[in-house]
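Working through the structure, step by step
Read off the chains here:
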Amino acid sequence: MNSSLFRRVIQQYSSIRALNNISARFTSSSAESKTPAESSSIDPQFKKKIDDFIKSNKVAVFIKGEPDAPSCGFSKAVLQILNLHGCDFKSQNILDDQRLRDTMKLYSNWPTFPQIYFDGEFVGGCDILLHMHQSGELVNELKKIGIQSKLSDVNNNTTPSSAN
């Protein structure tokens, strides 16, 4: 995860508890440090299934509902942003599987949905993706993983804040 994304996460989540959880996850350099998924009681076979899904898709999202019928506004917003950029993505409906829903909270150390992964790395939720989109950073992050955003030409000519 790049440092600007980490700073944005820290800025958006100012509570001490959230800050400690996020900070510990992304700043620990100890070889003995474990990710939440490794240190929790996630079934190894189920974890492998999640790992395989996330790692086999450049953009993987865990949402409430299906892409053509999201069941919450945050999931709908994430899908709209990804579609606006022309992203191919794969999704999992966490409402269909309570075990997946509970496990993903441990796996990512993130309590809410949707959850977005780029190239196997956890990005965050709706608010972070929305901020990345609004700032133009999403175009660059997608480019880093080999995805050409439909908005890349727009962002070369103008930024969202200067378009007003």
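Residues numbered from 1 in each chain as written. Predicted model: local features only at pLDDT ≥ 70, side-chain atom pairs only at ≥ 80, totals over all residues. Heavy atoms only, no water.

**Remarks on the pattern of salt bridges**
The following threshold applies: By definition, a salt bridge exists where a carboxyl oxygen of Asp or Glu is found within 4 Å of a side-chain nitrogen of Lys or Arg. A run of DSSP states H or I qualifies as a helix once it reaches four residues; a run of E qualifies as a strand once it reaches two. Both are numbered from the N-terminal end. For the exposure calls, accessible area comes from a 1.4 Å probe over protein chains only, and a residue counts as buried if that area is under 20% of its type's maximum, exposed if over 50%, partly exposed in between.
All told, the structure shown has four salt bridges when counted by the stated rule. Arg 99 is the partner of Asp 43 in a salt bridge, and the nearest nitrogen-oxygen pair spans 3.2 Å. Here Asp 43 is found in the loop between helix H3 (36-39) and helix H4 (44-55), whereas its partner Arg 99 is found in helix H6 (residues 98-108), with 56 residues between them in sequence. Taking the relative accessible area as the measure of exposure, Asp 43 reaches 33% and is therefore partly exposed.

**Notes on the environment of Val 59**
Note the threshold: Every residue pair with non-hydrogen atoms within 4.5 Å of one another is taken to be in contact.
One can find Val 59 in strand S1 (residues 59-63). If we ignore the near neighbours within four places in the chain, the residues touching Val 59 are Leu 82, Asp 88, Phe 89, Lys 90, Tyr 117, Phe 118, Leu 142, Ile 145 and Ile 147.

**A look at the packing of aromatic side chains**
Aromatic ring pairs are described here by two measures, namely the spacing of the ring centres and the angle between the planes. Condition: Ring pairs shown here join Phe, Tyr and Trp side chains whose ring centres sit within 6.5 Å, with only the six-membered ring taken for Trp; geometry is labelled stacked below 30 degrees between planes, edge-to-face above 60, and tilted in between. Charges are assigned to positions over rings by a cutoff of 6 Å between ring centre and Lys NZ or Arg CZ, combined with an angular limit of 35 degrees from the ring normal.
On inspection of all chains with the given rule, the structure shows five aromatic pairs. Above the plane of the ring of Phe 46 lies Arg 99, whose end atom (NZ or CZ) is 4.0 Å from the centre.

**What about the nonpolar core?**
Proteins that are soluble and globular tend to have nonpolar side chains buried together. Rule in force here: For the purposes of this section, nonpolar cores are sets of buried Ala, Val, Leu, Ile, Met, Phe, Trp, Tyr and Cys residues that join through side-chain atoms within 4.5 Å.
Residues Val 59, Phe 62, Met 104 and Phe 118 are the most contacted members of the largest nonpolar core, which totals 35 residues. Elements that contribute at least two residues to this core include exactly H4, S1, helix H5 (73-84), H6, strand S5 (115-118), strand S6 (121-124), helix H7 (126-135) and helix H8 (137-144). Ignoring sequence-local partners within four residues, the contact set of Met 104 consists of Ile 50, Ile 54, Phe 62, Asn 109, Trp 110, Phe 113, Gln 115 and Tyr 117.

**Overview of the environment of Ile 50**
Here Ile 50 lies in helix H4. Residue classification places Ile 50 among the buried positions, given a relative accessible area of 4%. If near-sequence neighbours (up to four positions away) are discounted, Ile 50 is found in contact with Phe 62, Leu 100, Thr 103, Met 104 and Tyr 107.

**Overview of the side chain of Thr 103**
What counts here: In protein, a polar contact requires one atom able to donate a hydrogen and another able to accept it; more generally it is a pair of N or O atoms within 3.5 Å, and residues adjacent in sequence count only if both atoms are side-chain atoms.
When you line up the elements, Thr 103 lands in helix H6. Using a relative accessible area of 9% as the deciding quantity, one classes Thr 103 as buried. Side-chain polar atoms of Thr 103 contact the backbone oxygen of Arg 99, separated by 2.7 Å. Not counting residues within four places of it along the chain, the set of residues in contact with Thr 103 comprises Ile 42, Phe 46 and Ile 50.

**Overview of the packing of H5 against H7**
The condition that has to hold: Simply put, an axis is a line fit to the C-alpha atoms, just over the touching stretch for a helix, and the angle between two N-to-C directions goes from 0 to 180 degrees. Here the angle decides the label: under 35 degrees means roughly parallel, over 145 means roughly antiparallel, 65 to 115 means roughly perpendicular, and every other value means oblique. Note: crossing handedness is left-handed where the near helix turns anticlockwise from the far helix by less than a right angle, and right-handed where it turns clockwise. Residues are grouped as follows: Ala, Val, Leu, Ile, Met, Phe, Trp, Tyr, Cys and Pro are nonpolar; Asp, Glu, Lys and Arg are charged; all remaining types, including Gly, are polar.
In contact at an axis separation of 9 Å, H5 and H7 are set at 30 degrees when each is read in the N-to-C sense. Comparing their axes, H7 and H5 come out roughly parallel. Between H5 and H7 the crossing geometry is left-handed. On H7, the residues that touch Phe 74, Ala 77, Val 78, Ile 81, Leu 82 and Leu 84 of H5 are Cys 126, Leu 129, Leu 130 and His 133. Among the residues making up the contact of H5 with H7, the classes are represented as nine nonpolar, one polar and no charged.

**Here we look at unusual backbone geometry**
In most cases, non-glycine residues show a negative phi, while peptide bonds are predominantly trans. The amide bond that connects Phe 113 to the next residue, Pro 114, takes the cis arrangement and shows omega of 10 degrees. Assignment of secondary structure puts Pro 114 in the loop between H6 and S5. Here Asn 109, not a glycine, exhibits a phi torsion of approximately 60 degrees, which is positive. Within the element layout of this structure, Asn 109 appears in the loop between H6 and S5. Take Asn 109: its relative accessible area is 28%, and that puts it in the partly exposed class. Residues other than glycine seldom take positive phi values, yet Asp 119 does so here, at roughly 50 degrees.

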